[in-house]
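Letter by letter, the chains look like this.
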Amino acid sequence: MDTILQDIRYGFRMLLKSPAFTAVAVITLALGIGANTAIFSVVNAVMLRSMPFPQANRLMAVYHSYPDINLMHASVDPGNWDYYRQNVKSFSNIAAYSGYKAPQNLTSAGDPERVRTFSVTGDFFQVLGINPTLGRALNRQDDQPGANREVVLGYGLWKERFGGDRNIVGKDIALDGMNYTVVGVMPSGFTFPEDAQLWVPFGFTSEQLTNGAEYLEVVGRLRDDASPNLAKAEFEKITAEAHRKYPDLPPTFHITTAPLQEVFVGDISKPLWVLLGAVGLVLLIACVNVANLLLARATVRQRELSIRVALGATRLRIIRQLLTEGVLLALAGGAVGLFLGYWGIDLLLSIVPMELPSFVKVSVDSSVLLFTIGASILSGLLFGSIPAWHVSGSGLNDSLKEGGRTAAPGRHGSRRVLVVSEIALAMVLLVGAGLMIKSFVRILQSDPGFNAQNTLTATLSLPESKYKDEPKIGAFYREAAQRIATIPGVSASGLSSMLPMSGGWTNTFFVRGRAIKPAPHAYVAVASGTYDKAVQIPLQRGRFVADSDTPETQPVAVVDENAAKMYWPNEDPIGKQIALTSEGTPEKPVWRQIVGIVGSVRHRSAVGEETKGQIYLPMQQNPLRTMRIVVRTSGDPTQMAAAVRNEIRQIDREQPIFQVRTMSSLYNDFVAQPRFNMVLLAVFAGLALLLATVGIYAVMSYSVTQLTHEIGVRMALGAKQRDVLNMVLGQAARMAGFGLAVGLAGALLATRVLQTLLFGVRAYDIGTFALIGFLLASVALLASFLPALRATRVDPMVALRYE
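Residues numbered from 1 in each chain as written. Predicted model: local features only at pLDDT ≥ 70, side-chain atom pairs only at ≥ 80, totals over all residues. Heavy atoms only, no water.

### Comments concerning the overall build of the protein chain
A count of helices and strands for the protein chain gives 22 helices and 23 strands. Put simply, the protein chain has 803 residues, and 53% of those count as buried. A sequence separation of at least 24 residues applies to 82% of the contacts in the protein chain between residues at least 6 apart. As presented, the protein chain carries roughly 35200 Å² of accessible surface, and 58% of it is formed by carbon and sulfur atoms. (Helix = DSSP H or I, 4+ residues; strand = E, 2+ residues; numbered from the N terminus. Buried < 20%, exposed > 50% of the residue type's maximum accessible area, 1.4 Å probe, protein only. Contact = heavy atoms within 4.5 Å. Areas by Shrake-Rupley, 256 points an atom, 1.4 Å probe, with all protein chains shown as cover.)

The structure is reproduced here in structure tokens:
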């Protein structure tokens, strides 16, 4: 221990003796460690830390998959949930909740307020294992048709809206004009799923259990004696039974189980792992740079170390001393990096476009601290081991004999290997960034299928207490559409249950007279007759739905070009008939005649290819309580919000509009994920390129310095400046060539993981690889040019006397 403390004290003195060297090395390491700390904090909170539920590892999500139509995670209909609840034995219980938060008007205890309400089944809280702070949770008795007027409050809403009233249980509150009895208050921090403020029971009717509408997210808790594999096998058996019972199911239809946390973070896990890998490469490049600095500094200390060897120090003792100094340097860089990482977390969360699950709390906890300390120590050992090994070799004795001129054997080769490594690592990062940039450009160049310019959107949700039947709902929206269309400055307006780029409701359907396998599956939107003009979706053939399509007329539908190509590839679908499984019954389906074909719009992802079609239904034939208003204007669309709100109040003074925003902002959110991936990867690649450039310049400068005597001899013997320039640049070109070859192989392997994040670009895009290779080669030669130019100006007489 005394020897170790002596090494640490001596190491501190040596670092303080060279403040400029120490500062450069610490800053270089801090950049790499700080970036790793910030990204790892998010990775740890999202993917490594368990969900805040008792035995969260036993919670499993259950969902349907339709690989034939690229629908890997489909919601479950109430009938299937009820069947699983009654028949699956590997789960102690299975609950369901609505996949969409439904804002409602809370009119109790103050001004009206929009609150985020989720409908859940009676066993929802029991499955999650969460008990309320006050009162009780919902139960199966609450979850009955006509009896589902109970509500559980979120802790935040209880505190802010009701002042933390501990007598709130048993009191009534008004949601959308209907009274609900408060039965419990959940504990602080529980907002599952997606920032929920209220939970109400579904109370499924027999019709809802049989109509096949898929809108439920299902979660189950494994029995204590059951494993995930047992549950998987049980659902595979149910899948096989479903295929036997329903031969029209898609051949690849599957009931899938997965850990609940894995499902919640599925869309954001891969980008985070990619970014963590990218900052890991940046840290490696930083370590290579510091290793080069230490090798250069070792020349200055070579005589000192030679004297220590002469006085009896063993090679192991020298290695330990140098590694101790490296670890001290790395810990200093880690301390500064931890500060940068702590600051970087806030910056990262402020720009991250991904909607993190509500249970995720990103912070610098003990795991992050251990990661930072571990990364620092490993970095110190990594960049300290190479110079320690070479400096401590047998060349120290020769160096002492020759007065310090001779460098340690193999040190020049080590520097060249390190430069090759820097170029190779930079190549991997730059190729990844180049692919992401090209992909994002392709996204911006692609046609989303609509025009987002000069368009305002808003949401309306009519309360069931005031608008109980479809005629009242239809009359309200018909008058709303007429009023909004007459606002000065409005060039077109319409209503739809589903906006582009916002996901939506999907459903299976049948084609009359044809048995299509797999069963057709498409997005379904209810729209007014002017919606296509408001969004500027191109009409290809036939007509769009019209306000004259009423309950008294022939049921009609409009399909998009994707649906037309998929289900009527060699014929015209106009005039054909389809029936949605959510309408009518299998014995008496509602057959709708297709009257038009429109262009396809993008819905789910700016990256993934849209392979599902879309069906539009007339608003008057299918009036829904929640609709989206779309207003196209001749000027600034934000100026129309007050006018739209006023027209709605003219119809119903108590009816608010909410989620008011422009379509352009929706589009920006739609492309935010690939933009974020591109920008962050480009920043890290730029940092890697900068570090590599500095490293190459430093090594070439040092090499020229070490070759000063040799250059003087060459020039004294008649070598021209051009010969010296070619010699130095040739050395740089050879290192760059080796680095690019190794980097090319690494990039070919690494970019395979990027394929699902790319749009319109292959992971092995030849143009990107060639451009990045040319860029790196140019940078390497440019970084070597100044040292090479300096070498040509060496005075032969001075060089011959150079020590």
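### Structural notes on the packing of helix 3 (residues 78-87) against helix 6 (residues 228-245)
Orientation of helix 3 relative to helix 6, taken along the N-to-C sense of each, is 130°, at an axis distance of 12 Å. Taken together, helix 3 and helix 6 sit at an angle that is classed as oblique. Between helix 3 and helix 6 the crossing geometry is right-handed. Each of Tyr83, Tyr84 and Asn87 in helix 3 lies in contact with helix 6, whose residues at this interface are Glu234, Phe235, Ile238 and Glu241. Its residues assigned to classes, the contact of helix 3 with helix 6 comprises 4 nonpolar, 1 polar and 2 charged. (Axes fitted to C-alpha atoms, helices over the stretch in contact; angles between N-to-C directions. Parallel < 35°, antiparallel > 145°, perpendicular 65-115°, else oblique. Left-handed = near helix turned anticlockwise from the far one by under 90°. Nonpolar A, V, L, I, M, F, W, Y, C, P; charged D, E, K, R; others polar.)

### Looking at unusual backbone geometry
A cis amide bond links Phe192 with the next residue in sequence, Pro193, at an omega value of -5°. Tracing the backbone shows Pro193 in the loop between strand 9 (178-185) and strand 10 (198-201). The phi dihedral of Gln55 is positive, around 45°, even though this residue is not glycine. Residue placement: Gln55 occurs in the loop between helix 2 (19-48) and strand 1 (59-66). Positive phi, close to 50°, is recorded for Gln659, a residue that is not glycine. Looking at the element boundaries, Gln659 is found in strand 23 (residues 658-662).

### Describing a nonpolar patch on the surface
Together, Leu331, Ile373, Ile377, Leu378 and Leu381 make up a nonpolar patch on the protein surface, roughly 420 Å² of accessible area in all. Among the elements that take part in the nonpolar patch, helix 10 (residues 366-391) stands out by supplying 4 residues, more than any other. Within the secondary structure, Leu381 sits in helix 10. (Patch = residues over 30% accessible without salt bridge, like charges linked within 9 Å, V, L, I, M, F, W, Y side chains within 5 Å. Salt bridge = Lys/Arg side-chain N within 4 Å of Asp/Glu carboxyl O.)

### Quick notes on helix 17 (residues 663-670)
Every α-helical turn comprises 3.6 residues, leaving residues that sit three or four positions apart pointing alike. Buried within helix 17 we find Met663, Leu666, Tyr667 and Phe670. In a view along the axis of helix 17, the buried residues occupy a sector of 100°, so they form one face of it. (Arc of directions from axis to C-beta.)

### What to know about the nonpolar core
The nonpolar side chains of soluble globular proteins are, as a tendency, buried together. Membership of the largest hydrophobic core comes to 123 residues, with the highest contact counts inside it found for Phe124, Phe190, Phe192, Trp199 and Tyr616. With 15 residues, the single largest contributor to this core is helix 12 (residues 411-445). With sequence-adjacent residues up to four places away left out, Tyr616 is seen in contact with Ala525, Ala527, Tyr531, Ile537, Phe544, Val545, Ala557, Val558, Val598 and Val601. In this structure, Ala481, Phe509, Ala522 and Ala641 belong to the second largest nonpolar core, which totals 40 residues. (Core = buried A, V, L, I, M, F, W, Y, C linked by side-chain atoms within 4.5 Å.)

### Some thoughts on the packing of aromatic side chains
According to the stated counting rule, one finds 23 aromatic pairs in the structure shown. With a centroid separation of 5.8 Å and 55° between ring planes, the pair formed by Trp81 and Phe204 is classed as tilted. Of the two residues, Trp81 is situated in helix 3 and Phe204 in the loop between strand 10 and strand 11 (216-222); the sequence distance between them amounts to 123 residues. An identical accessibility class is assigned to Trp81 and Phe204; each is buried. Plain terms: the ring middles of Tyr97 and Phe124 are 5.8 Å apart, the flat faces sit at 70° to each other, and that makes the pair edge-to-face. You can see Tyr97 sitting in strand 3 (residues 91-98) and its partner Phe124 sitting in helix 4 (residues 124-128), a full 27 residues away along the chain. As far as burial versus exposure is concerned, Tyr97 and Phe124 are alike and both buried. By way of ring pairs, the aromatic residues Phe53, Tyr97, Phe124, Phe125, Phe190, Phe192 and Trp199 are connected into one cluster. (Phe/Tyr/Trp six-rings, centres within 6.5 Å; stacked < 30°, edge-to-face > 60°.)

### Re the layout of surface pockets
When its volume is computed, the second largest pocket comes out at roughly 1200 Å³. Taken together, 37 residues form the lining of the second largest pocket, with Asp77, Asn80, Gly212, Tyr246 and Leu249 sitting closest to its centre. Those elements giving two or more residues to the lining of the second largest pocket turn out to be strand 1, helix 3, helix 6, strand 15 (506-511) and strand 19 (577-580). Of the residues belonging to the lining of the second largest pocket, the class tally is 20 nonpolar, 11 polar and 6 charged. (1 Å grid on protein atoms, 1.4 Å probe; cavity = no way out; pocket = protein on both sides within 12 Å on 5 of 7 lines; lining within 4 Å. Points joined across faces, edges and corners; volume = space filled by probe spheres on them.)

### Observations regarding the confidence of the model for the protein chain
With 86% of its residues at a pLDDT of 70 or more, the protein chain shows a mean pLDDT of 82. Mean pLDDT across the secondary structure elements of the protein chain bottoms out at helix 11 (residues 395-401), with 53, and peaks at helix 4, with 94. Note that pLDDT drops below 50 for residues 403-410; the model gives that stretch 15 contacts with residues more than four away or on any other chain. (pLDDT = per-residue confidence, 0-100.)

### Focus: the pairing of strand 20 (residues 592-598)
Of all 7 residues that make up strand 20, 6 are buried, and the element is covered over most of its length. Summarising the sheet, strand 19 and strand 20 pair through 2 bridges and their orientation is antiparallel. Within the sheet, the bridge partner assigned to Ile578 lies in strand 20 and is Arg592. (Pairing = 2+ DSSP bridges.)

### Here's the deal with the side chain of Ser98
On the secondary structure map, Ser98 appears in strand 3. In contact with Ser98, other than residues within four places in its own chain, are Phe118, Ser119, Phe202 and Tyr215.

### Side note on the pattern of salt bridges
Taken as a whole, this structure holds 14 salt bridges when the rule is applied. Measuring nitrogen to oxygen at the nearest pair gives 2.8 Å for the salt bridge that ties Arg223 to Asp225. Across the pair Asp572 and Arg541 runs a salt bridge, and its minimum N-O distance is 3.5 Å. A residue pair is termed long-range when its members are at least 10 positions apart, and Asp572 in the loop between helix 15 (561-567) and strand 19 and Arg541 in strand 17 (residues 539-542) qualify at 31 residues. Taken together, the shared-partner salt bridges connect Glu479, Arg483 and Glu647 into one network.

### Concerning the packing of helix 13 (residues 470-485) against helix 16 (residues 641-651)
Two elements in contact, helix 13 and helix 16, have axes separated by 10 Å at closest approach and are oriented at 140°. As the angle between them shows, helix 13 and helix 16 are arranged oblique. In this structure, helix 13 meets helix 16 at a crossing whose hand is right-handed. Contact with helix 13, carried on its side by Phe476, Glu479, Ala480, Arg483 and Ile484, involves Val644, Glu647, Ile648, Gln650 and Ile651 of helix 16 and no other residues of that element.

### Focus on helix 20 (residues 721-750)
Over its 30 residues, helix 20 extends 42 Å from the first C-alpha to the last, a length consistent with the 44 Å expected when each residue adds 1.5 Å. Taken residue by residue, helix 20 has Val724, Val728, Gln731, Ala732, Met735, Ala736, Gly739, Leu740, Gly743 and Ala747 as its buried positions. (Expected span 1.5 Å × (residues − 1).)

### Let's talk about the environment of Thr117
Here Thr117 is to be found in strand 5 (residues 113-120). With relative accessibility at 2%, the residue Thr117 sits in the buried group. In this structure the C-alpha to C-alpha distance between Thr117 and Asn105, which are 12 residues apart in sequence, comes to 9.7 Å.

### Quick look at the environment of Lys466
Tracing the backbone through its elements, the reader meets Lys466 in the loop between strand 13 (455-461) and helix 13. Lys466 sits 289 residues away from Gly177 along the chain, and the two C-alpha atoms are 7.3 Å apart. Among all residues touching Lys466, those that are not within four sequence positions of it are Lys472, Asp652 and Glu654. Separated by 3.3 Å, the side chains of Lys466 and Asp652 make a polar contact. (Polar contact = N/O pair within 3.5 Å; in protein donor to acceptor, adjacent residues only side chain to side chain.)

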